[in-house]
Amino acid sequence: MVQAERLFTKKQMGDAAEMIVAAELTLAGVPALKVPDNWPHYDVIAQPFAGSPERVSVKARTFKKGAAYVQYLATDEFDWLAIVILAADGSNVRSVYIIPRAEADAQSQRNAPHTRTANIRYIPIDQIERRFSQYRDNFKLRPQGMSAEGAVELQ
């Protein structure tokens, strides 16, 4: 598959992904907003109907097989990891996964503790669907992800 030329910068892609996540959360009944640029640790703050505010770190990537990863630091402070994967063909097709931090940590790869990159957690882009399919479109911030009953199909 040939990578299509993008008409936006990486910064614009990241900002758009943060706005998509905030909008979809809000439309699912979890009001959310994008925090200012360069906010430490997370990108979106969401307020469930019952409970405390939830911090969401958003990562956006274009799909690619092989050595391409979503990564974050073990020291980053967030409650949910939102991964927005854009289609490689330049279409407007995208997948959004909203994963609880504990699950992201459990499923991420890491280097040996004595290496200088031991603090980095990473997930291969081509394995995100396999590892996190139950968290696809998890805009209601369900800790167990989407069940078959929870999924909504458009007619």
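Scroll up a little and you will see the structure.
Okay, so let's go over this structure. Since we're looking at a predicted model, the values are computed, not measured. (Residues numbered from 1 in each chain as written. Predicted model: local features only at pLDDT ≥ 70, side-chain atom pairs only at ≥ 80, totals over all residues. Heavy atoms only, no water.)

### Some thoughts on the sheet that holds strand β4 (residues 69–73)
- The three strands are arranged β4-β8-β7 in an open sheet whose pairing can be described as antiparallel. The open sheet has two free edges, formed respectively by β4 and β7 (109–110), since each of these has just one partner strand.
- With two bridges connecting them, β7 and strand β8 (residues 120–124) associate as antiparallel partners. Bridged to Q109 within β8 is Y122. (Pairing = 2+ DSSP bridges. Helix = DSSP H or I, 4+ residues; strand = E, 2+ residues; numbered from the N terminus.)

### Quick look at the nonpolar core
- Ranked by size, the top nonpolar core spans 21 residues in total, and within it V21, L25, V56, V58, V84 and I98 carry the most contacts.
- Elements with a minimum of two residues in this core: α1 (10–27), β2 (44–46), β3 (54–62), β5 (80–86) and β6 (94–100).
- Leaving out residues up to four positions away in the same chain, V21 has contacts with V56, V58, A82, V84, V96 and I98.
- Membership of the second largest hydrophobic core comes to 17 residues, among which are F78, I123, I125 and Y135. (Core = buried A, V, L, I, M, F, W, Y, C linked by side-chain atoms within 4.5 Å. Buried < 20%, exposed > 50% of the residue type's maximum accessible area, 1.4 Å probe, protein only. Contact = heavy atoms within 4.5 Å.)

### Focus: the sheet that holds strand β1 (residues 32–34)
- Spatially, five strands are ordered β1-β2-β3-β5-β6 in an open sheet, and the strand pairing comes out mixed. At either end of the open sheet lies a strand with only one pairing partner, and these are β1 and β6. Averaged over neighbouring strand pairs, the angle between their axes works out to 25 degrees when direction is ignored.
- The pairing of β5 with β6 spans seven bridges and is antiparallel. (Axes fitted to C-alpha atoms, helices over the stretch in contact; angles between N-to-C directions.)

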